[in-house]
Amino acid sequence: MGHRPDDIQVASEHHECLKSILSRFTTSELAELFLPTATKKSDILKEVISTHYKEGMTYAEVAELDLWYTKSHSSKKQWKAFEIKNNSSAGEQPQVELEPEKIRLALSPELDSYFHHYTHVKLFSLQGIWIRVSIDDKVNNLTKQSLSNWCVSYIVYFPHLKYLLTNGLVAAHKKFILHSLQTTLKCSGIIDHQLKGADLESMKKMLAAEQSQGVFKMFQSVENNPLDRSNAAPVVCREKKEKFRVVNEDQDLIDRRL
């Protein structure tokens, strides 16, 4: 098992794979990344492949481009929240490394125990620390590998929140990835949270609001998953008309009330 060194090149026959990765970007995004003066997507692709990645590209570069695209188009994916549990008191909580490279160096050896993988970590300013874990447990040859065979999971970690947002955690890998993250983040557990959705920013705000409520969050009166409208029932408005009716009562009963 083990992770791929950053300097391993994607073979030249993978240029088509590279082209498919770059083709997902819009023309303006490619221009911003590689060629600000270009106006045609075809010109940018030709220049990038012939100049920037003439000898192929490293797996770190593949992961970097994929993370950049996924972050910019996160609404195209469904995200699932997990809660980070820590049994230590506020003053005893262990210090977690927040530098992307240190997180990668801590996480990769944990994943080495379970998978043949490549893990990449990148900080996107206020948009959190993004972790990309690509796994292939079928092939152990580092140099003869098709990128299309890899199962990719994304984890977004906001250090100031006790939550993770994830995409692509398949059942066969889920518990091993979460256990590795638990060790890396020095917490006592990572458990399922009911929140799911496609809008990362809205999910982040909801989780921040929930965290700020502390123990009072149990008194919330909201639906289980406000951002998932797939099973939402139609809203029906009914006009209510209050009705009055005269009821004859026994005189003795009225007297006793007085």
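About the criteria used
Residues numbered from 1 in each chain as written. Predicted model: local features only at pLDDT ≥ 70, side-chain atom pairs only at ≥ 80, totals over all residues. Heavy atoms only, no water. Phe/Tyr/Trp six-rings, centres within 6.5 Å; stacked < 30°, edge-to-face > 60°. Helix = DSSP H or I, 4+ residues; strand = E, 2+ residues; numbered from the N terminus. Buried < 20%, exposed > 50% of the residue type's maximum accessible area, 1.4 Å probe, protein only. Core = buried A, V, L, I, M, F, W, Y, C linked by side-chain atoms within 4.5 Å.

Talk me through the packing of aromatic side chains; I want residue IDs and the actual numbers.
Following the criterion strictly, the structure yields eight aromatic pairs and no others. Measuring from centroid to centroid gives 5.7 Å for Phe25 and Trp68, while their planes differ by 40 degrees, and the two rings are tilted. Here Phe25, found in the loop between helix 1 (15-23) and helix 2 (27-33), pairs with Trp68, found in helix 4 (residues 59-72); they are 43 residues apart in sequence, far enough to count as distant. In this structure Phe25 comes out as buried when scored by relative accessible area, which is 0%. Here Phe115 and Phe176 contribute two aromatic rings whose centre-to-centre distance is 5.9 Å and whose plane-to-plane angle is 85 degrees, an arrangement assigned as edge-to-face. Within this pair, whereas Phe115 is found in the loop between helix 5 (100-112) and strand 3 (116-123), its partner Phe176 is found in helix 6 (residues 171-184), the two being separated by 61 residues in sequence. According to the relative accessible area criterion, Phe115 is buried, its value standing at 3%. With a relative accessible area of 27%, Phe176 lands in the partly exposed category.

Could you give an account of the nonpolar core, naming the residues involved and the relevant values?
Residues Leu22, Leu65 and Leu165 are the most contacted members of the largest nonpolar core, which totals 33 residues. Sorting the residues of this core by element identifies helix 1, helix 2, helix 3 (41-52), helix 4, strand 2 (79-85), strand 5 (151-157), strand 6 (163-167) and helix 7 (200-213) as the ones contributing at least two each. Ile84, Leu111, Leu185 and Cys187 belong to the second largest nonpolar core, which has 21 residues in total.

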